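# A closer look at the structure
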Amino acid sequence: MFDSETRTLVVVGAQWGDEGKGKLVDVLAERADWVVRYQGGANAGHTVDLGTTCFILQQIPSGILHSGVRCAIGNGVVLDPETLFTEIDRLVKSGIDVEGRLYVSDRAHLVLPYHKLVDAESSASRAIGTTGRGIGPAYEDKVARRGVRVLDLRHPRHLHEVVSRGVDHANALLAHFGSARRAAVDDTVAALEAIAPRLLALADDVGLSVHQAIESGATVLMEGAQGSLLDVDHGTYPFVTSSNTTSGGAATGAGIAPTAIDAVLGVVKAYTTRVGNGPLPTEFAEPLATRMRDLGHEYGAVTGRPRRCGWFDAVVVRYAARVNGLSGLAVTKLDVLDTLDRVAICTGYQVAGGVHTEFPGDLVALEDTAPQYEWFEGWQRSTADARRVDDLPPAARRYLDRIEELIEAPIRFVSVGTRRDQIIELAGAARV
Ligand code: IMP
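These lines cover the structure that appears in this document, whether it is placed above or below. As the structure is a prediction and not an experimental result, all values here were calculated from the model.

Time to look at the state of the cysteines. Tallied over the entire structure, the rule returns zero disulfides. The closest cysteine sulfur to the non-disulfide-bonded C309 is located on C346, 16 Å from its own sulfur. Overall, the relative accessible area of 2% leaves C309 in the buried class. A relative accessible area of 0% means that C346 is categorised as buried.

Laid out in structure tokens, this is it:
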């Protein structure tokens, strides 16, 4: 994956999240010196199955499971300190050494209990189906310039003033929602003071450290969270998250220059899922919806919510390939399709008088379209033990070939199960 031409690689989800980025990052992290998370927060749930233990990482980059890899949480992340400490404690308990190799950007904004309260009490959050982790309210405060950053904990006197702005606004919102719940400045400050030493021990100028690592020839993996269609600018707005999940966000969110990025790997499921509300053009009807959800264990890693499932949508992934500048694809969960007698790929959206092959920004217009499918015979054989492309049934290879052709990006990895070893690395994978 990493070679003289690819030292800085971004891994993004090219659908609506949950594509299996955690597993890919885990596989690639073995070859990286640094792994950096650049956006989102504890709304993410990156699952890594080591065979004997299964880790769900929310904020700490999946690279932490490889000793010797340095992991950083960039300025673009909204950091929930409570969840961070729980994650660290869990890792340490499982024998993973975190000490001295986890860094948190001192510019990162904090998700505080009042952000979660606002997320929970807001009808707008409910309409979107947010994870309830306070992500949207924390990003709103950041943009409105009333956020609390990690570095504010260094200045106790100033902290009270910064927190007051956030709490006052949260309380005004809660009153507006008709909620009786309120946040208190003193309690919030006291809780922050209590965690300050532990958090500040991890604080770092992450942009500078990553820049210096790149300059010294280190290999850097940038781990995206959620998926491209949940990007606040490029996703199915307003049914999106509050950050730039696409590769452009990697530069701003890690604090490095866009020119420092050498390649972008897009992770896609062999079908499509989405959790929360909003359009999903290829969504299955029953009974396939329930069958696929069960076959793919499609329940949210963080919230446990059932995921909506549909056929692979090449219009969506082609769009993601363009917006992210994908240099290669990793197709995950191919094995979930093993028992189907036929499978489909959506190649366009039918509208009166034609077919659209570009994903529209206008969701009202999207409602008046119907997916156009290409059908393929199923392979009806287990792919779980395939380790080379030649081990895959011919029908599965034809399905993957068509995906590659439609997306116009080479498939570099095919994942055929949850375990680390259940992956096929295709020729040329060294050069995403
Ligand atoms: P928020 O990020 O909690 O504000 O939620 C906004 C939207 O993004 C909702 O539809 C969530 O279900 C979705 N979302 C957020 N994080 C993830 C994720 O990690 N995987 C899939 N969907 C997500």
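Turning our attention to the site of the ligand. In the neighbourhood of the ligand, 15 residues make up the surrounding shell, with N43, T131, T241, V275 and R305 lying closest. One nitrogen or oxygen atom from the main chain of G129 is found 3.3 Å from an oxygen atom belonging to the ligand. Side-chain polar atom of T131 to an oxygen atom of the ligand: 2.6 Å apart, as the coordinates give it. Here the ligand has 470 Å² of accessible area as a free molecule, and 97% of this is covered by the chains. In terms of residue class, the shell around the ligand is made up of six nonpolar, seven polar and two charged. Shared between two domains, the shell around the ligand takes at least three residues from each, and those domains are domain 1 (8-106 + 205-431) and domain 2 (109-200).

Let's shift gears to the pattern of salt bridges. One pass over the full model with this rule turns up 25 salt bridges. For E425, the salt bridge is made with R31, and the minimal N-O distance between the two is 2.9 Å. Here E425, found in strand β20 (residues 423-425), pairs with R31, found in the loop between α1 (21-29) and β2 (34-37); they are 394 residues apart in sequence, far enough to count as distant. Taking the relative accessible area as the measure of exposure, E425 reaches 37% and is therefore partly exposed. Overall, the relative accessible area of 29% leaves R31 in the partly exposed class. A salt bridge links R198 to D89, with the nearest nitrogen and oxygen atoms 2.8 Å apart. You can see R198 sitting in helix α7 (residues 185-200) and its partner D89 sitting in helix α2 (residues 81-93), a full 109 residues away along the chain.

Let's shift gears to the packing of α2 against α7. Relative orientation of the contacting elements α2 and α7 amounts to 55°, with a least axis distance of 11 Å. The orientation of α2 with respect to α7, classified from their angle, is oblique. As for the relative orientation of α2 and α7, their crossing is left-handed in sense. Two secondary-structure elements touch here, α2 through P81, L84, F85, I88 and D89 and α7 through I195, R198 and L199. For the contact of α2 with α7, a count of residues per class yields six nonpolar, no polar and two charged.

Okay, the sheet that holds strand β19 (residues 411-415) next. With respect to topology, 10 strands assemble into an open sheet ordered β9-β7-β5-β2-β10-β1-β11-β15-β19-β20, the strand pairing being mixed. The open sheet has two edge strands, β9 (203-204) and β20, and neither has a second partner. Relative to strand β11 (residues 263-269), strand β1 (residues 8-13) runs parallel, the two sharing five bridges. Paired with G13 across the bridge in β11 is V267. Across the sheet, helix α8 (residues 206-215) lies against β1, β2, β5 (70-73), β7 (102-105), β9 and β10 (220-223), angled at about 145° from β2, the strand it touches most. The sheet strands contacting helix α13 (residues 394-407) are β15 (328-332) and β19, and the helix crosses β19 at an angle near 140°.

Once that is clear, we can look at the pairing of β7. What you see with β7 is no split at all: L102 and V104 on one side and Y103 and S105 on the other are buried throughout. Of the strand pairs in this sheet, β7 and β9 are connected by two bridges, and their pairing is parallel. Among the inter-strand pairings, S105 is bridged to a residue of β9, identified as D204.

Let's shift gears to the environment of V323. Mapped onto the fold, V323 is located in helix α11 (residues 314-324). Measuring from C-alpha to C-alpha, the distance between V323 and V35 comes to 22 Å, with 288 residues separating the pair along the chain. Once residues lying within four places of it in the same chain are set aside, the contact partners of V323 are H234, T246 and S247.

Of the strand pairs in this sheet, strand β3 (residues 46-49) and strand β4 (residues 54-57) are connected by four bridges, and their pairing is antiparallel. When the bridges of β4 are listed, T47 appears paired with I56.

At a minimum axis separation of 7 Å, helix α3 (residues 113-121) and helix α5 (residues 135-143) run at an interaxial angle of 120°. For α3 against α5, the interelement crossing comes out right-handed. Listed contacts from α5 to Y114, H115, V118 and D119 of α3 are I135, P137, A138 and D141. Among the residues forming the contact of α3 with α5, the class breakdown is five nonpolar, one polar and two charged.

The next thing to look at is α7. Along its 16 residues, α7 runs 21 Å from first to last C-alpha, staying within 8% of the 22 Å computed at 1.5 Å per residue. By the largest-angle criterion, A194 marks the main kink of α7, which is about 40°, and a proline, P197, follows within four residues. Three or more residues of α7 are buried, namely V185, T188, V189, L192, A196 and L199. Residues of α7 that are buried sit in contact with β6 (78-79), α2, β8 (109-110), α3, α6 (156-177) and β9.

Turning our eyes to something else, we now look at the side chain of S125. Along the chain, S125 turns up in helix α4 (residues 123-128). Taking relative accessible area as the criterion, S125 reaches 11% and is therefore assigned buried. Ignoring any residue separated from it by four or fewer positions in sequence, one finds S125 in contact with D119 and T130.

What counts, and where the lines are drawn
- Here the residue numbering is sequential within each chain, running from 1 through the sequence in written order.
- Side-chain atom pairs in this predicted model are given and counted only at pLDDT of 80 or more, local residue features only at pLDDT of at least 70, and totals for whole chains, interfaces and linings cover all residues.
- Side-chain metrics rest on all non-hydrogen atoms present in the structure, leaving aside hydrogens and water.
- Pairs of cysteine sulfur atoms within 2.5 Å are what we label disulfides.
- Between buried and exposed lies partly exposed: a residue is buried under 20% and exposed over 50% of the maximum accessible area for its type, with that area taken using a 1.4 Å probe on protein chains only.
- Only a single heavy atom is needed: when it lies within 4 Å of a molecule or strand, its residue is near that molecule or strand.
- Distance and chemistry together define a polar contact, namely a pair of N or O atoms within 3.5 Å, with one atom able to donate a hydrogen and the other to accept it when in protein, and with adjacent residues in sequence counting only for side-chain atoms on both sides.
- Note on areas: these come from Shrake-Rupley sampling with a 1.4 Å probe, and a residue is covered only by the protein chains present in the view.
- Residue type decides the class: Asp, Glu, Lys and Arg count as charged, Ala, Val, Leu, Ile, Met, Phe, Trp, Tyr, Cys and Pro as nonpolar, and the leftover types, Gly among them, as polar.
- Domain start and stop points were drawn from an automatic or database domain assignment.
- When a carboxyl oxygen of Asp or Glu is within 4 Å of a side-chain nitrogen of Lys or Arg, the pair counts as a salt bridge.
- A run of DSSP states H or I qualifies as a helix once it reaches four residues; a run of E qualifies as a strand once it reaches two. Both are numbered from the N-terminal end.
- Here, axes are lines fitted to C-alpha atoms. For helices the fit covers the stretch in contact, and angles between N-to-C directions go from 0 to 180 degrees.
- For classification, angles of less than 35 degrees are called roughly parallel, those exceeding 145 degrees roughly antiparallel, those between 65 and 115 degrees roughly perpendicular, and all remaining angles oblique.
- Crossings are classed by handedness, with left-handed meaning an anticlockwise turn of the near helix from the far one by less than a right angle and right-handed meaning a clockwise turn.
- Whether two residues are in contact is decided by their heavy atoms: any pair within 4.5 Å suffices.
- We treat two strands as partners when DSSP finds at least two bridges between them.
- Multiplying 1.5 Å by the residue count of a helix minus one yields the expected span of that helix.
- One axis is fitted to the seven residues ending at the residue and one to the seven starting there. The bend at that residue is the angle between these axes.

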